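Here's the letter readout for the chains.
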Amino acid sequence: VAAPPELQEKTLVLVKPDAVQRRLVGTVIQRFERRGFKLVAMKLLQADRGLLDKHYQELLQKPFYPSLLAYMTSGPVVAMVWEGYNVVRSTRAMVGDTDSAVAAAGTIRGDLSMHISRNVVHASDSVETAQREISFWFQRDELVAWESGDRDYTYGP
Ligand code: TYD
């Protein structure tokens, strides 16, 4: 039986190049797995400027954009799509404040990083943004539809 639509909300998470270099990929994945979210797509890739200009289209004119682009193209990233109830908001809460220096302890950024320019992960900030971002990073057929056997234990009947 397919999950109801509210359990199929999706978000894009990127493990940024600093975190790949620091061997934090597994740690980041583990946080979302432990929460109970379902992984539906994942790949390691070297992002190029065209992709990042789309991904960060709201930030193109910001003074920090050139250094953000240099950072995000400095090495591979791991792109993932996570699915589950309220996943966009929950994931943003788990990731923490954009500025690692003020991100709460217990969040990914608050536990694993110190500075806004090297903040370990990206997570989409709304359901609409998530849908758009997922389409930039993944082909439709790269998302795997699968039913998790623990659904009655994570959501109730
Ligand atoms: P933004 O979309 O505002 O934050 P978030 O990643 O939390 O959604 O900014 C995108 C990235 O740009 C952010 O993760 C780190 C970088 N950035 C800077 O390097 N300096 C800045 O002053 C800001 C606001 C962001």
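As the structure is a prediction and not an experimental result, all values here were calculated from the model. (Residues numbered from 1 in each chain as written. Predicted model: local features only at pLDDT ≥ 70, side-chain atom pairs only at ≥ 80, totals over all residues. Heavy atoms only, no water.)

(A) Quick peek at the environment of Gly156. In this structure, Gly156 sits in the segment after α8 (151–154). Judged by relative accessible area, which is 26%, Gly156 ranks as partly exposed. (Helix = DSSP H or I, 4+ residues; strand = E, 2+ residues; numbered from the N terminus. Buried < 20%, exposed > 50% of the residue type's maximum accessible area, 1.4 Å probe, protein only.)

(B) A look at the UniProt feature "active site" (unreviewed entry) in the protein chain. Residues annotated in UniProt with the feature "active site" (unreviewed entry) correspond here to His122. Note on placement: His122 falls in strand β4 (residues 121–123). The exposure class of His122 is buried, given its relative accessible area of 10%. Beyond its immediate stretch of four places on either side in the chain, His122 contacts Leu12, Val13, Leu14, Lys16, His55, Tyr56, Arg109 and Glu133. (UniProt positions renumbered as here; feature names shortened; annotations may be inferred. Contact = heavy atoms within 4.5 Å.)

(C) Layout of the pattern of salt bridges. The full count for this structure, using the stated rule, is 7 salt bridges. Two residues, Glu83 and Lys10, come together in a salt bridge whose shortest N-O distance is 3.0 Å. With Glu83 in strand β3 (residues 77–83) and Lys10 in strand β1 (residues 10–15), this residue pair connects regions lying 73 residues apart in the sequence. Looking at Lys10, the relative accessible area reads 25%, which means it is partly exposed. (Salt bridge = Lys/Arg side-chain N within 4 Å of Asp/Glu carboxyl O.)

(D) Spatial organisation of the packing of aromatic side chains. Taken as a whole and assessed by the stated rule, the structure comprises 1 aromatic pair. Summarising the aromatic geometry, the rings of Phe32 and Trp82 are spaced 5.6 Å apart at their centres and angled 40° between planes, so their arrangement reads as tilted. Taken together, the positions of Phe32 in helix α2 (residues 25–35) and Trp82 in strand β3 put the pair 50 residues apart, joining distant regions of the chain. Both residues of the pair, Phe32 and Trp82, belong to the buried class. (Phe/Tyr/Trp six-rings, centres within 6.5 Å; stacked < 30°, edge-to-face > 60°.)

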